[in-house]
Each structure stands twice: as C-alpha cells, then as structure tokens.
Protein chains: 2
Amino acid sequence: MPAAAVIDTSKSPHAKLHPAPIDAWKVEDAFWTPRMERNRVVTIPSQWELLQRTGRLDNFRAAAGDPEFSVSGIYFNDSDVYKWLEAACWALLAGPDAELQANIEETIALIAGAQRADGYVNTWFSGERADQRWTNLDLHELYCAGHLIEAAIAHHRVTGRTALLEVARKFADHICAEFGSKRQADRPWADGHQEIELALVELSRETGDQRYAEQAAIFIEARGHRCLGRPYGRWGSEYHQDHVPLREMETLEGHAVRAMYYLSGGADVVLETGDAELQAALERLWEDTRIRKLYVSGALGARHEGEAFGDAYELPNARAYAETCAGIASMMFNQRMLALTGDGKYADLLEYTLYNAVLPGIGLDGEEYFYVNPLADRGEHRRQPWYDVACCPPNIARLLASLPGYAASTAGNAIWLHLYLSGTVTLPLENGRSVTLRINSRYPWEGEIDISVDTTGFFALNLRIPTWAFGAKLEIGDFAANVPIQVGGYATIEREWRAGDTIHLSFPMVVRRIVTHPAVVENEGRIALRRGPLLYCVEAADHPNTDVWQLTLADDEPVTPSWRRDVLGGVTVLTADALVPAPDPGWDRWLYRGLAETLARQTVYKHRILTAIPYFAWANREPGAMQVWLRRHGG
Amino acid sequence: MPAAAVIDTSKSPHAKLHPAPIDAWKVEDAFWTPRMERNRVVTIPSQWELLQRTGRLDNFRAAAGDPEFSVSGIYFNDSDVYKWLEAACWALLAGPDAELQANIEETIALIAGAQRADGYVNTWFSGERADQRWTNLDLHELYCAGHLIEAAIAHHRVTGRTALLEVARKFADHICAEFGSKRQADRPWADGHQEIELALVELSRETGDQRYAEQAAIFIEARGHRCLGRPYGRWGSEYHQDHVPLREMETLEGHAVRAMYYLSGGADVVLETGDAELQAALERLWEDTRIRKLYVSGALGARHEGEAFGDAYELPNARAYAETCAGIASMMFNQRMLALTGDGKYADLLEYTLYNAVLPGIGLDGEEYFYVNPLADRGEHRRQPWYDVACCPPNIARLLASLPGYAASTAGNAIWLHLYLSGTVTLPLENGRSVTLRINSRYPWEGEIDISVDTTGFFALNLRIPTWAFGAKLEIGDFAANVPIQVGGYATIEREWRAGDTIHLSFPMVVRRIVTHPAVVENEGRIALRRGPLLYCVEAADHPNTDVWQLTLADDEPVTPSWRRDVLGGVTVLTADALVPAPDPGWDRWLYRGLAETLARQTVYKHRILTAIPYFAWANREPGAMQVWLRRHGG
C-alpha cells in the first residue's frame, strides 16, 4: 500500500479528510509531469551542488569535529539542507535513482555525525558556540529542528529506513526535555521562527508518541506573551507573532512565513486535540486574510520591511513582498484546514496558491527562483540561481516533489479529488478495498476532465468544483449526473460503481475580469484577468515598443483565449484589442500639475493587441516590464 | 552687526547669494513667532530633560571617566546632544535666558571633559570600546563629529565664546590627520552616514582654515567606490550612496537623510571650489528627485526598508516614510543650492518643504514628534514624545530655532527675501551701509504682504514670487511696479529708495487641485488640495461618521477657504460639498469580485461637507483617519 503521505492524519481523531499519500498517484499530466520531472532531474541535483559549494554540507562535517572544515554562512543554513533532503526523499518516489539515493544517505550520515550525545543537532552551535545553544531563541535552532524532523519523516515514509528518524526522535526528545511544560513555566519564551510545531505533530503521527504533539501544543500556547527572551528588534513582537496568543488573534501581522507555519502547526494541534477555540481562531484568521490581506495571486506578505503582512487592504503591487515560502506555507495551512473541516474553500485556495503564488517562484528552467513575487515590475526583478537566505529554492523543490500529496483525500468509504492531476490514483476505503481512478484532462488550460473508475463497488466520490467554475457540468457515462454541483465545494456521487464507469466534468473556462475592494487604492480603476485557476499578466516580451503598464482595456472588449504551443513551453494566452494612451509630453518635466492643465489635454489612445500570459510564467524571457492590474477604460 | 548665520558664505568664492544671519531678523509673525517661542520655552527645555533622563548626557560623564556612570543607549546618541546644543545656542538669540545658558555651558563642559588628548570625542568609543575607534565606519563616529562641529559653530556665532569651537577644531584636526588624502589612498573607505562633509566646510568658513574644506572634499570623493570597509547589509552599498561617485550619480537611492546631508556637503564643497561637474550632478539629482521621487508634501523617502528613496514614481501614501529629518536635510540642501545659484526654484522648494514636510514633524504642543510622515493614515500613526532613535526631535528644534537664517540673502548691493516672515530685518550692503525692512502679512494664510523700507539709498530688492503665485501683483507706494514678475523666481526692484517707501505684494491665494504623473499608480483619479504654500488634507476629526478615505470631490465643485480661529490654534480651512459613496455591502466579504458584479451595482453617493485642514496640523486632535489624495468624481 502507498505510505508516503505529506501529512498522515489517518489516526488523527479530529480529521474529517485524510490527505492521500503521494505514492497513491501515478501522475501522467501534460502540465505537471514535465515540471515534477524537471524538479527531480534538474532542480534537486543542482541544489545539491549548491549545498556543497556554499559550505552547507561542510558545516555538518565541521560540527562532527572534522578539523578540515569550519562552520560558515548564516545561522539557519542547516534548514536548507533539511528541506533539500525532504525534497530528495519525496523525489525518490518517482523510481530508483542511485545517485540521488547516495546523496541522501551521505547527507543523513553527515547529520547523524553532527548529532551530540544528548540529541542536539545544529551546526551553528558547534565548536566555539557549542555552549551558547538555547541562549537566544531567535537563532532558529527549533526552526532547523523542525525541518530536520520533516526530512526524517519523509525519509522514513519513502524508504522505510529509520536512520534519520532516530536522529530526529532523539533530538525531539531533547527538545521535549528542554522545553516541556515544567521548563516553560520556569522560563517562558517563544522561539524566533515557528516551524517546530507542525514538525512535532507529524513526528507524533509517524511514531505514535503523543509527547511530541503535546510539546507542539506547548509551543503554540507559549507564543503570544511577548516572551521571546531577548529584546525585540525594530519590528516588535508582532514580527514573531508573539504579541497576542494565537487563540485570541484577530488578524495576521508580522513575518508572513512564520505566521503560516504557525497556523499550520496550530491546525495540526487541532487535528489531534479538537480544540474548538483554537480552530475558531484559525478559521477567523483565514477569513480575515482572505478578505483583507490576500494578493490576487494568492500570495501573502505586503511589506518588504519584516517580510510581513501589511495592514488591511495594504497590497502594493510593484513593492509586494509575496515571498514564495509564504505561498508554500499557505498551501500547507490550507491542506491542514481541509483535512480538519472538509471545506472546499481551503482546497480552492490551495490550488489557486499553487498555480499563482508558488509556481512563479521557480523558472521554467528549474534552476532559478524568485524569493519576492511582485505583481508589477519595471523589468529589473529577475529570478536568481540561489540566495544567501536560501529558504525558497529547497522549499519549492520539496513542494513540487510532494505535490500529489495535496491532490486527493479519503475518509471512510469516500474519496475526494481536489487537484485534477492527470494520471492514475489508487485510494483505500475503510472497508478494506481500494479504488483506482484514471483522470485525463488538459487542466489547467482546459476544463474538460475525464475520469474512469477502474473499480467496482459502493463508495462516494467527491469532485471539487472550483469557485470560478460557474456552470460546471457533470456527466456519468452519457447522462448528466443528478447531484448538486456546489461551486466552491464538492459534487458528491455516492453509488455502486462498476469498473469502466466514466465521468466527465466540464468547467467553463471563461475569462474573468476581477476588480478589487475599493480600499485597495492602488487597484482602483483596474482589472486583473483570470481564466480557470490561473491569474494572467502582461509582459513586455509580447508588446514591443509598448509600455505594458499603460495598457488599457475597455470593459466591453472581448478577451480571447488561445493555445500557443510556441510560447513559454506551451501556454494559453489571452488576447484583446487594448488601448495605450499616447505619451503626454506635459508630464516629462513634472511630477505634479494642476488639474485644470491636465483636463485641458484630451488623452489620445492608440490601439494595441494585448497578449496576456499566465502570471506563473512571467520573467522567463528577455527582461521587461510586467503588470497584473490593467487599466480599465470606459468603465 | 548680526553674525549668527546658519551657513556663512560671505567668503565663499562661488556663492551668488549669502544667507542672511538669523539675528538680522526680529521676527514678529503671527504664524512663526508662537512656534519659535514654543520651541524655545517648551521644546528645547523638554528635550534637555529627555537627554538627561535617557542617559545621553551621562554618557559624556562616563566617557570622561566618572565611575558613577556608564555608557548606554545607541552608538549615535551623542549626535542628539549636539543637535540639541545647536538648537539651544540659536535659541539664545531670542534674548538672555540664564537657565538655557547654564544648560548649554554644562553640556559644553561635559563634551570637553570627554575629549581625548588627541582630540577624539565619542562616548560610545570610550571605556572598553576605546580601542575600537575608527574600526567600523558604520558606527557614526564621523556623523557625530559633524554634529559636534555644527553645534560648536552655532555656539561661537551666538556667544562669541570659543570653548566648544576649540574642542571641535581639535577633533577636526584629528580627523584630518586620520582621513587625509594620504591615509585615504592607503585605506579607502567611506563613512557610514554622511554629515561630516557639510560640517567641515562650515568649520573652514568659521575658522578660515582651508584644510577642513579640503577634507570635506576628500570625504565627498571617497564615497561611491563600495568601500565602506565592512560587508554591506541587506540594502547594499546604495543604502550609504556608496555605489557610485556623487559626480556620476543619476538618481538618488538609499537612505534619504544620508543622501540629503551628502548633497548638502557636496553643495558646500562647490561653494568653495566652483567644481562645475559636481554642481551639474547636484542640479541633475535635484531635478530627477523633483520630477520622480518627491512627495506632494515635499517629503523624501518612499520606503520603510532602509528609510530609503524608492524607484522613480514609487510614492506610496499610507506607507510613505517621509522622515522629518529628510525634510530638514532637504531644506539645508536647497539653502546651499540657492546660495550657489540664486535660482528661486530652490527657495520655493525650501519653503514648501518647511511648511509641508518639516512642520508636520512636530505637534502643536511642541512636545511630540513624527519620525515618519505618511500622506494617508487610518488613525494609528501618532506623534511620540521621543524615539529610541531620536534624530528628528532635536533636528526640528535646531531648524525652528534657526529658521530666520533661511529667510533672506544678500549679495553686493542687493537683498533677497525668500520667506515672508513678518518683522524687521536689517541686512548689510557691500557699500558698507545696511538696509532695514519691515514686513507685515498674514502669510501663509493670506498673500497680501506689506514691506516698509526704512533706509534711504540705492539697492536692489529681490522679492520671491512663489511658483504657485500666478497673477502676483507688486505695488510700490500706490503704483504698480514696472518690473517683471517671474513666477518661481524673483521680482527685482533696483532703485534709489527713500526711508518710508512702501511695497505691497499680492499673491492670489487660489485653491488648486493637483494631480500626479500617471506613473504614480496610487494617485490615479485623485487630487490634492493646495493653497498658497500649504498642502491640505482631510481628517476624521472634522468628519464624524464619515470615512475620510472615501471623500470624493467633483471636479467642478467650488472649494472655499475660510479662517477658523477656533480650529487647531487658528488655521484657514477649505470646505466643499463632497460626496461619499454609500457602503457597498457586496464588499463586506470579498477582497476581489468579478467586474460584472460590480458594474451591476450603481454606486450611490451621499453629500458631505468636506473640511480640509493644513497637512502640517494633522494628528493634533483625537485619533482618526487622514487622507491627502482625494478621490475625484466626474473627472
């Protein structure tokens, strides 16, 4: 049976749905298979080289006492190794890969060699800093521990081997001893960067040892009392979400990645405990974020300063922060809320975030990354092969390597499909049988999805109907299915199935013009284009001699999708007859002018063919301006 | 003769105009006298208390070796003492003040006591850090030295005493030895925070010792070669303007206060050397900033991260940085460019910056300060009595105490009036005679200005005509003056004057609606209101039960000024019949919606009386939202 789940809620008492394992899937998807394969053969090996070249692996050699090496880099560099390792383990599910396997085992040996007798592992706090461990909880020791635990679980789930899991358990035992409820009472403090919480809950699931989940709950409760244990920097305790307890929090503030790992850990705790107050806080924060702090790309984090959430409706475009890691962490949070509630809104945002807030983080070549994802740019923002703070590259690698783990769920004798990956998925029912489905579509380019049921028996099949899929149709065999089709939820078909049954789902792929709440001043009088789950943008490469920031679209002008095999590896582009205002030379020497002078000049527009590309694909051609929010005309 | 000039260019070979001394003026101005008086009797004494309470003075006791004290706070805290001292010295010009005098002398004694035998003064680098001096030029040793020198010059000019000037000279000699051209060749590096440059030039003017001006030029040239002497932080060498030499710079980047002190120092060097290439760079940067990076308030610095300039046209309103110190430094730069060129555009921006970018930095009570000056706010941004980084409070104190020093200039047998302070000013002519003028107006509320000439003789009087004063009229006695009136420049009346001659200047105080360059996305479809030299804003306190961010003004709706003695200590408010859109409940639960849904709802507007107040006076009543850029309607 498949066993490699991203999160394994099969024994979580409060899970409504259980995410299906990654290896439940055999993905044969025109969109995703090349991307996952590129992740495996380009991204992961190239990151391995970078981990070596940047001394991140040598740090473990140094920590193990090898005098030929010394610790270098930033204090949280271990976490990059752990995230890479997690990615590499999930990637092994694609089939035997001796070199990757060897690199994994070498890395694990390095980690094990750097572990102290008491279980502690952190290369920064080795050598001359060995006596400073746990003295400054803003130095990411628990954050790195969390990523080590996640990697160990992935390794165990994929290979069945326990070497790294034992390292992780020993470290987790050390952490429980160091930060258990008694110690917490003596010395209250919160860690500088959440991550340990979700990792400990998963370790509890993997080992059956409840102490780890309890420790995660202790960490969740410890935060919010302004007790980081050191002076806060210029961004205050909000930066670490240490200003108010999670269960009392009304809105997300501070560092976005920290916040989303925090909420993920909180949701993991609720999956184990059923804590209704904590769940209500998570639902409240999700909703507040959705209606006040979410970019149209699904990205999170409005401010460069503190890599942080802004105020309500503070969503600058060119200066968006929108860190790739925050998008990944948002997918993790939504996956957990989906497991907790079964509510399709979480799956919807998860999918939308994947396509529009995470996927832009990696180039089509699989070797360059965005850390920051603006929604408008003048052409200077380009993906980089690596970062000194390299959190995003291995994070996107582990996400892509584990992507099928987000696609389906099971519960009882029911099955849920969230992401319409093409391929085959085999899912277990409570009654001991399993169901195999074959899915075939050109999603996300087209909304026609064929599903073949290869199994005979009674079970419920829940098919997600995205929020944008108004007019969705569902046929079983040649007949319209007589079931409610809840947009934003699931169409449930519970019946006796026969092997060979076919289902056809049809989502109208209408181009939609999106407008923003009037409080978002920057988007006034502007629209964004969406089609299916994809956000679109305009880019200079398609508009020679035109400033794409000036492209203006009349409200009643039709926008036409067309498949373009030759563009960006094959994408559906949107085209329309748009307008560009002729430059007003009156502005050449002025930043401000009198209204009267401006009114005296009638703006002259010229026609231009607008070509919009999926936002995830921007910045893969020659540098140039990009814009998501297009000016409206005649609105 | 008056002698207390803010900058004394009387012997600068390349000065076209010479700023008149502060004590050339006897200010009796309905607007400025109460503010200057409050600065003297409230602001400066309360800051003295804060310097004591926060240990800033004790640091000097500790540095002098008094074992009862130890150095505390931030490494640049000495500069706050020096800026306060400069403010206090200028304030002495208002007349004898025994307590202030005593505090000044006590402070000077403390500084002198902390000076090392070799001339070095910096309390941070005393005690255990004494051997670390000049090892990390990002720790503001030269910045603090510059403020010490400025204070010493003020003290000497106001009191004629040399105690602090001798301390400053000795320190400057030490600096010249340490950073002279030979040393610079061995060990190229730039200081972390410009300020020393302008101070050394002024010290050269005060002492007649050219070496100091030469050293300033060395510091100007040393920058721009990425040679801070330590790794740059996350903001790169642009933060310190160390990425490109000043004379090659095309646009301002990085920390705004650093940049403006830098340009001021550069202008000071040009005043001494006549370096045409450097002058061209300064003029180019001034112009680039004016047309691409200047807030409508005159403020500078778009980004919180790095307290920095943004890209061209990056001018967020609610998230403006617009540091008060950057406004003050901009006044300093414009004063120097005015002296260098005589071009009224510099005086115009100097005045506009004073009213709209500097004056908002202090509350009407004289005891609370803005560090950051947003142009839109939800009501949470309030002035504070002090800051850990306390650069702005004493900076605004020294500016207000020396304000008349920015108001007039002389050159040859000509006089320039830049700021129309009411009161009496006596200015020297080259021919050895002096001219006394009496000025009377209700400026900035009204544009009618009466000037009496109390002196008989031939001289040229240049009266500034602000850029906004279209239709300005000038009468001498009862007749229209037969001279060109150049808006944005000066009206020059060169003639034989007779004591008792009267001049009447009339600036039409029209309310103007200002629009922004279309590249500033956030201001699209919006106007700002200006009248005379003042920018206006709307504030919640005048609009109960109305969201002032929603106030919408029809383009053809008249806006009426009226004097309101009861409001904010007496201001001219602007009122108009405005509109507020009725809340659309469709937005309560959504951040993004389809355009079609939005178009289906006709916006319903309600009428509201809009009351705009001068922007400088905002946040002096109960907290509430504020907005500068108003929505246009029917435009």
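Residues numbered from 1 in each chain as written. Chains lettered and ligands numbered in written order. Predicted model: local features only at pLDDT ≥ 70, side-chain atom pairs only at ≥ 80, totals over all residues. Heavy atoms only, no water.

Glancing now at the sheet that holds strand E13 (residues 501-506) of chain B. Within a sheet, neighbouring strands are paired by backbone hydrogen bonds and run either parallel or antiparallel to one another. Residues and elements named next belong to chain B. Overall, antiparallel pairing links the seven strands, which are arranged E2-E6-E7-E8-E13-E10-E11 in an open sheet. The two strands at the open ends of the sheet, each matched to only one other strand, are strand E2 (25-27) and strand E11 (479-480). With two bridges joining them, strand E10 (residues 473-476) and E11 adopt antiparallel strand pairing. Following the sheet pairing, Ile476 is matched in E11 by Phe479. (Pairing = 2+ DSSP bridges. Helix = DSSP H or I, 4+ residues; strand = E, 2+ residues; numbered from the N terminus.)

Let us now look at the pairing of E13 of chain B. Residues and elements named next belong to chain B. With five of its six residues buried, E13 lies for the most part within the structure. The pairing of strand E8 (residues 448-453) with E13 spans six bridges and is classified as antiparallel. Paired with Ile451 across the strands is Ile503, a residue of E13. Relative to E13, E10 runs antiparallel, the two sharing four bridges. Each bridged residue has a counterpart across the sheet, and for Leu474 the counterpart in E13 is Leu505. (Buried < 20%, exposed > 50% of the residue type's maximum accessible area, 1.4 Å probe, protein only.)

On the side of chain B, 46 residues touch chain A, which itself brings 46 residues to the contact. Summed over both partners, the interface of chain A with chain B buries about 4100 Å², with 55% contributed by carbon and sulfur atoms. Considering only the surface of chain A that becomes buried against chain B, Leu591, Tyr592 and Leu595 of chain A emerge as the three largest contributors, covering 19% of it. On the surface where chain A and chain B come into contact, there are 10 salt bridges. With a shortest N-O distance of 2.7 Å, Arg631 of chain B and Glu524 of chain A are connected by a salt bridge. Across the chain A-chain B interface, the total number found is 24 residue pairs in polar contact (both at pLDDT 80 or more). Taken together, the elements giving at least two residues each to the side of chain A that touches chain B come down to helix H11 (276-292), strand E16 (511-516), strand E17 (526-531), strand E22 (592-594), helix H15 (595-599) and strand E25 (630-633) of chain A. Class assignment for the residues of the side of chain A that touches chain B results in 21 nonpolar, five polar and 20 charged. (Contact = heavy atoms within 4.5 Å. Buried area = accessible area lost by both parts, 1.4 Å probe. Salt bridge = Lys/Arg side-chain N within 4 Å of Asp/Glu carboxyl O. Polar contact = N/O pair within 3.5 Å; in protein donor to acceptor, adjacent residues only side chain to side chain. Nonpolar A, V, L, I, M, F, W, Y, C, P; charged D, E, K, R; others polar.)

Okay, the confidence of the model for chain A next. Residues with a pLDDT of 70 or more make up 98% of chain A, whose mean pLDDT is 95. Two summary scores accompany this predicted model of the complex, namely pTM at 0.93 and ipTM at 0.94. (pLDDT = per-residue confidence, 0-100.)

Once turned by 180° and shifted 0.0 Å along the axis, chain A lies on chain B with an RMSD of 0.0 Å. Seen this way, the second copy is the image of the first under a two-fold rotation axis. (Least-squares fit on C-alpha atoms with pLDDT ≥ 70 in both.)

Residue and element names in this part refer to chain A. With domains assigned, chain A is organised as domain 1 (9-19 + 28-230 + 244-361 + 397-406), domain 2 (410-506) and domain 3 (511-632). Taking the mean C-alpha position of each, domain 1 and domain 2 sit 32 Å from one another. At the junction of the two partners, domain 1 supplies 21 residues and domain 2 supplies 21 residues. Of the roughly 1600 Å² buried where domain 1 meets domain 2, counting both sides, 57% is carbon and sulfur surface. Of all residues in domain 1, Leu17, Asp348 and Glu351 give up the largest surface area on contact with domain 2, accounting jointly for 30% of the area buried on that side. If you look at where domain 1 meets domain 2, you find two salt bridges. Its salt-bridge partner being Asp348, residue Arg464 comes within 2.8 Å of it at the nearest N-O pair. Joining domain 1 to domain 2, the criterion identifies seven residue pairs in polar contact (both at pLDDT 80 or more). The dominant element in the side of domain 1 that touches domain 2, judged by the number of residues it contributes, is helix H13 (residues 344-358), at eight residues. Looking at side-chain class alone, the side of domain 1 that touches domain 2 contains 11 nonpolar, three polar and seven charged residues. (Domains from an automatic or database assignment.)

Turning to the sheet that holds strand E13 (residues 479-480) of chain A, a few remarks are in order. All names here are of chain A. If you trace the seven strands from one edge of the open sheet to the other, you get E2-E8-E9-E10-E15-E12-E13, paired in antiparallel fashion. The sheet terminates laterally at strand E2 (25-27) and E13, the two strands that pair on one side only. As defined by bridge partners, strand E12 (residues 473-476) adjoins strand E15 (residues 502-506) across four bridges and the pair is classed as antiparallel. Following the sheet pairing, Glu475 is matched in E15 by His504.

Attention now moves to helix H5 (residues 141-159) of chain B. All names here are of chain B. With 19 residues, H5 extends 27 Å from end C-alpha to end C-alpha; this agrees with the ideal 27 Å at 1.5 Å per step. H5 sits mainly inside the fold: 17 of its 19 residues count as buried. Backbone geometry just downstream of H5 places Gly160 in the positive-phi region, at approximately 75°. (Expected span 1.5 Å × (residues − 1).)

Considering all chains together, one arrives at 52 aromatic pairs over all chains under this definition. Judged by centre distance (6.5 Å) and plane angle (65°), the rings of Tyr355 of chain A and Tyr443 of chain A are edge-to-face. Of this pair, Tyr355 of chain A sits in helix H13 while Tyr443 of chain A is found in the loop between strand E9 (434-441) and strand E10 (448-453), placing the two residues 88 residues apart along the sequence. The buried category is assigned to Tyr355 of chain A, whose relative accessible area is 3%. By way of ring pairs, the aromatic residues Phe31, Trp32, Tyr355, Tyr420, Tyr443, Trp445, Trp468, Phe507, Trp563 and Phe616 of chain A are connected into one cluster. Across the ring face of Phe31 of chain B, the terminal group of Arg35 of chain B is positioned such that the distance to the ring centre comes to 3.9 Å. Over the ring of Trp497 of chain B we find Arg495 of chain B; its NZ or CZ atom is 4.5 Å from the centre of that ring. (Phe/Tyr/Trp six-rings, centres within 6.5 Å; stacked < 30°, edge-to-face > 60°. Lys NZ or Arg CZ within 6 Å of the ring centre and 35° of its normal.)

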